[in-house]
Amino acid sequence: MFNIILFGPPGSGKGTQSKNLVIKYGLKHLSTGDLLRSEIALQTPLGIEAKNFIDKGQLVPDEVVIGMISTALETNPDVAGFLFDGFPRTDAQAEALDKLLHLKKTSIAVMLALDVSENELIKRLLHRGKSSGRSDDVDETIIRSRIHEYENKTKPVADYYRRFNKVVHIKGEGSVHEIFEELCNEIDNRKKKVSVNQPSSINQSLY
Ligand code: AMP
């Protein structure tokens, strides 16, 4: 399995790039934001609870999203790998993800972090709010609160993976195509390294 975390603040282009990456590499896309929005649309108890946090621009409690990811991993046993988008967003989520992947005898190969300036993020999210139908994209106060949550709770998650040399930063400003090419280059490089260093499946547990 080859598992990727696409990392970055809200509005950095994770969703857009994920759609193209999962097609190219045959990965299963796991976006906790998308999973939560479908729970909200179905008006499940989980969705109703999550909506209170999402509407304020706050993170949903760890146990809720970890439970969702755990189910998604169990229900997709035979995939080439996972692309995690918007997860993990806290250190506790990162540790839980490592444990869940370890149980599947796999791990994260690389964290690709999209860097975008705050002004650009706000501009993009307000623009997206005109058509996305997402209430958390419309109000600038909520957008700023999401960026604040990212700076305080999510950004430090990169340090967790940096310890294992798994973080690669990519400039998230430019055309969608240019950024996609950059991401693909990094993935292809990592894949080559994995196949050189880990010719047998037994070695996957090192990742
Ligand atoms: P996103 O679509 O990734 O921008 O997520 C939208 C909202 O869903 C976030 O602002 C959070 O309220 C919630 N959310 C999504 N993923 C997570 C996560 N991994 N941990 C906590 N909250 C999340």
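Note that this is a predicted model, so its numbers are computed, not measured. (Residues numbered from 1 in each chain as written. Predicted model: local features only at pLDDT ≥ 70, side-chain atom pairs only at ≥ 80, totals over all residues. Heavy atoms only, no water.)

Q: Teacher, can you tell me more about the overall build of the chain here?
A: Per the secondary structure count, the chain includes nine helices and five strands. Sequence-ordered secondary structure for the chain, helices as α and strands as β, is β-α-β-α-α-α-β-α-β-α-α-α-β-α. In terms of C-alpha radius of gyration, the chain reaches 17 Å, essentially the compact-globule figure of 17 Å for 207 residues. With the principal axes as the frame, the chain shows a C-alpha extent of 50 × 40 × 30 Å. When the accessible surface of the chain is summed, it comes to about 10700 Å², and 53% of that surface belongs to carbon and sulfur atoms. Across the chain, the centroid of the 28 positively charged side chains sits 3 Å from that of the 28 negatively charged ones. (Helix = DSSP H or I, 4+ residues; strand = E, 2+ residues; numbered from the N terminus. Rg over C-alpha atoms; globule rule 2.2 N^0.38 Å. Areas by Shrake-Rupley, 256 points an atom, 1.4 Å probe, with all protein chains shown as cover. Lys, Arg positive; Asp, Glu negative; His and termini not counted. Charge placed at Lys NZ, Arg CZ, Asp CG, Glu CD.)

Q: Honestly, the site of the ligand in this entry has me stumped. Any pointers?
A: Close to the ligand lie 16 residues; Thr32, Arg37, Gln58, Gly86 and Arg89 are nearest. The contact in question runs from an oxygen atom of the ligand to an N or O atom on the backbone of Gln58, over 2.6 Å. Contact distances for the ligand include 3.0 Å between a nitrogen atom and a side-chain N or O atom of Arg89. Spatially, the ligand is embedded in the largest pocket. By residue class, the composition of the shell around the ligand is six nonpolar, five polar and five charged. (Near = heavy atom within 4 Å. Polar contact = N/O pair within 3.5 Å; in protein donor to acceptor, adjacent residues only side chain to side chain. 1 Å grid on protein atoms, 1.4 Å probe; cavity = no way out; pocket = protein on both sides within 12 Å on 5 of 7 lines; lining within 4 Å. Sits in = over half its atoms within 2 Å of the grid points. Nonpolar A, V, L, I, M, F, W, Y, C, P; charged D, E, K, R; others polar.)

Q: When you look at the packing of aromatic side chains in this model, what are you seeing that I'm missing?
A: The tally for this structure, following the rule as stated, stands at five aromatic pairs. Here the aromatic rings of Phe82 and Phe84 are separated by 5.8 Å at their centres, their planes lie at 35°, and the arrangement is tilted. Side by side, Phe82 and Phe84 carry an identical accessibility label, which is buried. For Lys191, the ring lying beneath its charged end belongs to Phe2, and the centroid distance is 4.9 Å. (Phe/Tyr/Trp six-rings, centres within 6.5 Å; stacked < 30°, edge-to-face > 60°. Buried < 20%, exposed > 50% of the residue type's maximum accessible area, 1.4 Å probe, protein only. Lys NZ or Arg CZ within 6 Å of the ring centre and 35° of its normal.)

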